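# Overview (structure and organization)
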Amino acid sequence: MSAKGVKLGIRLALATVALLAGDFGAGAKKSAAQEDAIYDIVIGNGRVMDPESGLDAVKNVGITGGRIRAISSEALKGSQKIDAKGLVVAPGFIDMHEHGQEPRNYQFQARDGVTTSLELEAGTDEVEKWYAAREGKSLINFGVSIGHIPVRATTMAKSETAQAVEEAHHRLASAEELRKIAERIENGFKQGALAEGMGINYTPGASHWEIVEAFRVAAKYGASVHVHLRYAGGKEPETGLSALEEVIAAAAATGAPLHVVHITSMGLKYTPQLVAMVEGAQKRGLDVTTECYPYTAGSTYLQSAVFDPGWQEKLEINFHDLQWTDTGERLTAETFEKYRKKGGIVVIHSIPEEAARTAVANPKVMIASDGMPITGAKVHPRGQGTYSRVLGHYVREEKALDLMTALKKMTLMPAQRLEKRAPIFKSKGRIRVGADADLAVFDPNRILDKATFEEPLQPSDGIQFVFVNGVAVVKDGKLVDGVLPGRAARAPVAK
């Protein structure tokens, strides 16, 4: 072994001893190992906030080998030192709902404090291929679900054309097709899918029994089902409330954990009622959770079943409330038909501000961006600014919730949602000795989203440092060039 290798081995050994003797109290003294240890990185003098333990104090954090090795009131020695005086040191944010799983999306997310980006609603029908495409090439951590939508399309569509896929989405599955769908979902779990993704609004042909069968497969693997509900709004009988009843019943009947995505865009002005139903299910022992994003607009593909006839009444909006992301123009009856045939993404201005605020402020509603692929200049800002908007606008300016509660909704709660299926998440979403060094360091007095509906491709401000597996990907508020430390966040693969 080289001299350099010997030195590294000694440092890691000392750091491991320090880990076992870690300082969790403000008055504790450093161990002899901590006195001698030289960490790869020391983040000093920061306000360390850990939602799991409730720690909220000025501490020094020592990082070696991609993990947190020491948390101390005393000074620590480091090869690299960062002065975080006046800054919050928090667990990196875990985004469970990000459709834009490409390098440019990851760059914006990193500058918004996200260290783990997950596509758990739509998912994929090729889990192994999806992970392989990002391994060693990603700025932040990444993960995916096995998706009911793509699995159904692969199974039922007569070709790969958009028309054939939409026809399949609207068609009832045969008994044989249903068997193949369940089989392919199970294969996805065997390949390490984190969860099961389901967008029932996009597959109106899926029967209630098909949904139950899909839940049954997830239950077998202890996996949560991340569901875009069948309906939105309050027009009886196809309401967000009845759609929530459908999946709560499926969860109760099968034992599968349920996670309801973007509850505000499904509940609209009835969001408080949907949240109350989720809380009621929790109180009665069901494993049901939900999430929201901090905006008054949604976004999806114009050619999807969401905009089948009747959408205006259900969503209580009109053509002018739709914004074409290529140009930013508001639609008319004529342009709606034109662009629906063409296919593309629209921003949907449909969520009341009070609904967004209610969900963001609720301590049981997690935060997730639902960020979209960057396909147009006027794409929804949520993929670029969700987390800074919560911390800047809703915590600091509106005082709708306190900082620790907000951090818990972005870090610990998503990790706990996934850790039963994927033990890797037991080391994420926390600041404790032994945890992954995925950290967001930000100025609580300055953090703010800069992305708007008019100018959405603007990075957030006030996030000074972001570490992914102990490697800085944001430094002094700017992206670090030439680093790709992101790793697969994946459930165990069947052997």
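Structure shown above.
Now for a look at the structure at hand. (Residues numbered from 1 in each chain as written. Predicted model: local features only at pLDDT ≥ 70, side-chain atom pairs only at ≥ 80, totals over all residues. Heavy atoms only, no water.)

### Re the overall build of the protein chain
The helix and strand inventory of the protein chain stands at 17 helices and 20 strands. Taken against the 2.2 N^0.38 rule, which gives 23 Å for 495 residues, the C-alpha radius of gyration of the protein chain at 23 Å falls within 12% of a compact globule. Projected onto the principal axes, the alpha-carbon positions of the protein chain cover approximately 70 × 50 × 45 Å. Taking all 495 residues of the protein chain together, 59% fall into the buried category. If you take every contact in the protein chain between residues at least 6 apart in sequence, the share linking residues at least 24 apart comes to 71%. Charged side chains in the protein chain number 60 positive and 60 negative. The centres of these two groups are separated by 6 Å. (Helix = DSSP H or I, 4+ residues; strand = E, 2+ residues; numbered from the N terminus. Rg over C-alpha atoms; globule rule 2.2 N^0.38 Å. Buried < 20%, exposed > 50% of the residue type's maximum accessible area, 1.4 Å probe, protein only. Contact = heavy atoms within 4.5 Å. Lys, Arg positive; Asp, Glu negative; His and termini not counted. Charge placed at Lys NZ, Arg CZ, Asp CG, Glu CD.)

### Looking at the side chain of T239
The residue T239 is located in the loop between β10 (225-228) and α9 (240-254) in this model. Taking relative accessible area as the criterion, T239 reaches 3% and is therefore assigned buried. The contact partners of T239, leaving out residues within four places of it in the chain, are Y231, G233 and G234.

### Structural notes on the pattern of salt bridges
Applying the stated criterion across every chain, the model contains 28 salt bridges. Residues D436 and R67 are paired through a salt bridge, measuring 3.2 Å at the closest nitrogen-oxygen approach. Here D436 is found in the loop between α17 (412-419) and β17 (439-442), whereas its partner R67 is found in strand β3 (residues 67-72), with 369 residues between them in sequence. For D436, a relative accessible area of 9% puts it in the buried group. Taking the relative accessible area as the measure of exposure, R67 reaches 30% and is therefore partly exposed. Across the pair E210 and R152 runs a salt bridge, and its minimum N-O distance is 2.7 Å. In this pair, E210 is assigned in helix α8 (residues 208-220) and R152 in helix α5 (residues 148-156), connecting sequence segments 58 residues apart. A residue is classified by how much of its surface remains accessible, and E210, at 2% relative accessible area, is buried. When salt bridges that share partners are traced, they join E52, E419, R430 and R432 into one network. (Salt bridge = Lys/Arg side-chain N within 4 Å of Asp/Glu carboxyl O.)

### Focus: the nonpolar core
Residues F215, L391 and F442 are the most contacted members of the largest nonpolar core, which totals 119 residues. Among all residues touching L391, those that are not within four sequence positions of it are F93, R396, L403, A406, L407, M410, F442 and I447. In this structure, V61, I63, L439 and F467 belong to the second largest nonpolar core, which totals 21 residues. (Core = buried A, V, L, I, M, F, W, Y, C linked by side-chain atoms within 4.5 Å.)

### Notes on the sheet that holds strand β16 (residues 365-367)
With parallel pairing, the eight strands of this open sheet are ordered in space as β6-β7-β8-β9-β10-β11-β12-β16. Edge positions in the sheet fall to β6 (93-95) and β16, since each of these pairs with one other strand and no more. Sheet twist, expressed as the average angle between the axes of neighbouring strands with direction ignored, equals 30°. Bridging between β6 and strand β7 (residues 114-124) involves three bridges; their strand directions are parallel. Residue pairing for β7: D95 is matched across the bridge by S117. Together, β6 and β16 form the strand contacts of helix α16 (residues 403-410), whose direction differs from that of β16 by roughly 75°. (Pairing = 2+ DSSP bridges. Axes fitted to C-alpha atoms, helices over the stretch in contact; angles between N-to-C directions.)

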